[in-house]
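So the chains spell out like this:
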Amino acid sequence: MDIDYLLLLQNLRDASGAFLPELMGIISKIAVSELPLMLVCFVYWALDRQGGKRILGGFSLGLFMNGLLKLTFCVYRPWIRDARVLPYGDAKVAATGYSFPSGHSTWATGCFGGTGEWLRRQGRRALCIVCWVCVALVMFSRNFLGVHTPQDVIVGFGTTALSIFAIYKLEAWTDEDPKRDLYVMIGGLALCVAAGAFYYLKPYPLDYNADGTLLVDPLKMANDSFEGLGMLGGYVTCRFIERRGFAFDRELTMRDRAVVAVVALIPFYGMLQLFAAPLAAVVGAAAKNVIRFFAVALYAMVMVPAAMSLVAKLQKR
């Protein structure tokens, strides 16, 4: 049934001309670009420290769950399962490795969906709806482009939505007793170490193309999934530091925080764009992914808050 649905969308796509498929391709690419994560960081730095931190936490846990599920179930892409499925344009280039669940749906739900939940709790229902519509469009785009099945995008959405809910509960639990932050950090890091061992020790399917190459290289997929370990490990570590070391939301006005946030986004964008390739050449793909995403959490939750506290001290002088 899932393949039949993709073939139906494929027929509609072929009959619709170039505009709609190109639009879906743009929507799909934006979902995993730097922009959604930059939006989340701006919310955290400038608008609502506690709300933004919860969005980052939901995204971190969702990214971790995505990698864990991909390497647990090892589901092949739709065109491998059925040669009639023909992904549109260059969508197949970025859609490497295992299919289930959808990484794009995870990113969109973590960033746009997490922001939507924050807006709902702020009473901004119209903007909340816009955010969730963005999530739905990304999910549909992955089906429309022929690179994911319905169950891929639904589970990517569902696990990340549950991750957002879990982070809200976790933050409320630690607010009752700040000493619990240590348990969260130790438990989160232990989970990351256990998952990393699982990724490298578990058996994987080894199916080959006619030319003798692997349909999916399990080592590459394991390396890719270390993004979630780096992000979750960075989040649980940096939240422990942030909750004890900084009070930038009380030290600076919203206007001043927004100014610092806009300035901070410039090197953040450069870090996301330029950091990966040189780092991979030095430490390898798996370590690169851990360091890169740990650095995202470190920059967002420690370095920029430290800069804001410094600005506050300079203002007092």
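Okay, so let's go over this structure. (Residues numbered from 1 in each chain as written. Predicted model: local features only at pLDDT ≥ 70, side-chain atom pairs only at ≥ 80, totals over all residues. Heavy atoms only, no water.)

A short note on a nonpolar patch on the surface
At step 1: A cluster of nonpolar side chains, W173, L182, Y183 and I186, forms an exposed patch at the surface whose accessible area comes to about 410 Å².
At step 2: Among the elements that line the nonpolar patch, the one with the most residues is helix α10 (residues 180-201), at 3 residues. (Patch = residues over 30% accessible without salt bridge, like charges linked within 9 Å, V, L, I, M, F, W, Y side chains within 5 Å. Areas by Shrake-Rupley, 256 points an atom, 1.4 Å probe, with all protein chains shown as cover. Salt bridge = Lys/Arg side-chain N within 4 Å of Asp/Glu carboxyl O. Helix = DSSP H or I, 4+ residues; strand = E, 2+ residues; numbered from the N terminus.)

Things to note about the packing of aromatic side chains
At step 1: Here the structure, examined in full by the defined rule, presents 13 aromatic pairs.
At step 2: For the ring pair W45 and Y299, a centre distance of 6.1 Å and an interplane angle of 70° mean the geometry is edge-to-face. Of this pair, W45 sits in helix α3 (residues 34-47) while Y299 sits in helix α15 (residues 285-316); the two residues are 254 residues apart in sequence, bridging distant segments of the chain. Here the two residues W45 and Y299 agree in accessibility, since each one is buried.
At step 3: An aromatic cluster of at least three residues, connected via ring pairs, comprises F198, Y199, Y200 and F226.
At step 4: Geometry around Y168 places R121 over its ring, the cationic atom sitting 3.9 Å from the centre.
At step 5: The ring of F240 carries R244 above its face, with NZ or CZ at 4.2 Å from the centroid. (Phe/Tyr/Trp six-rings, centres within 6.5 Å; stacked < 30°, edge-to-face > 60°. Buried < 20%, exposed > 50% of the residue type's maximum accessible area, 1.4 Å probe, protein only. Lys NZ or Arg CZ within 6 Å of the ring centre and 35° of its normal.)

Observations regarding unusual backbone geometry
At step 1: That bond from F100 to P101 is cis: its omega, -5°, falls within 30 degrees of zero.
At step 2: Counting through the fold element by element, P101 comes out in the loop between α6 (91-94) and α7 (103-121).
At step 3: For C74, which is not a glycine, the phi torsion comes out positive at approximately 50°.
At step 4: With respect to the secondary-structure elements, C74 resides in the loop between α4 (49-73) and α5 (78-81).

Observations concerning the state of the cysteines
At step 1: This model, assessed by the stated rule, comprises 0 disulfides.
At step 2: Of all cysteine sulfurs, the one in C111 lies closest to C41, which takes part in no disulfide; the gap is 8.6 Å.
At step 3: On the basis of relative accessible area, C41 is assigned to the buried category, the value being 0%. (Disulfide = S-S within 2.5 Å.)

Brief notes about the pattern of salt bridges
Side chains that carry opposite charge are capable of pairing whenever their charged atoms lie near each other.
At step 1: Within the structure shown, the criterion is met by 17 salt bridges.
At step 2: Linking R54 and D175 is a salt bridge whose minimum nitrogen-to-oxygen distance equals 3.4 Å. With a gap of 121 residues between them, R54 in helix α4 and D175 in helix α9 (residues 150-176) connect regions that are remote in the sequence.
At step 3: R54 gets classed as buried once you look at its relative accessible area, which sits at 11%.
At step 4: One salt bridge in this structure joins R121 and E117, with 2.6 Å as the shortest N-O distance. With R121 and E117 both in helix α7, this residue pair falls 4 residues apart, about one helical turn.
At step 5: Given a relative accessible area of 14%, E117 falls into the buried group.
At step 6: Residues participating in the shared-partner salt-bridge network are R54, E171, D175, D181, R239, R243 and R244.

Quick notes on the side chain of E242
At step 1: Take E242: it is sitting in helix α11 (residues 218-245).
At step 2: E242 gets classed as buried once you look at its relative accessible area, which sits at 0%.
At step 3: The residues touching E242, leaving out its near neighbours within four places in the chain, are Y44, R49, K53, F248 and M301. (Contact = heavy atoms within 4.5 Å.)

Side note on the nonpolar core
At step 1: Ranked by internal contacts, the top residues of the largest apolar core, which has 64 residues, are W45, L56, Y98, Y199, M231 and F268.
At step 2: Sorting elements by how many residues they give to this core places α15 first, with 12 residues.
At step 3: Leaving out residues up to four positions away in the same chain, Y199 has contacts with F64, G67, L68, L71, Y204, A222, S225, F226 and L229. (Core = buried A, V, L, I, M, F, W, Y, C linked by side-chain atoms within 4.5 Å.)

Quick look at α7
At step 1: Spanning 19 residues, α7 covers 26 Å between terminal C-alpha atoms, matching the ideal 27 Å at 1.5 Å per step.
At step 2: Along α7, the sharpest kink reaches roughly 30°, centred on T109.
At step 3: Here α7 lies mainly inside the structure; 17 of its 19 residues are buried.
At step 4: Sitting at the head of α7, S102 places a side-chain oxygen 3.4 Å from the backbone nitrogen of H104.
At step 5: Of the residues one or two after α7, G123 is the one with positive phi, at around 85°. (Expected span 1.5 Å × (residues − 1). Bend = angle between axes of the 7 residues up to and from the residue. Polar contact = N/O pair within 3.5 Å; in protein donor to acceptor, adjacent residues only side chain to side chain.)

Describing α9
At step 1: The end-to-end C-alpha distance of α9, which contains 27 residues, comes to 40 Å, matching closely the 39 Å that a straight helix rising 1.5 Å per residue would cover.
At step 2: Within α9, the full set of buried residues consists of P150, D152, V153, G156, T159, T160, S163, I164, I167, Y168, E171 and T174.
At step 3: If you follow the buried residues of α9, they end up packed against α1 (2-15), α4, α7, α8 (125-144), α10 and α11.

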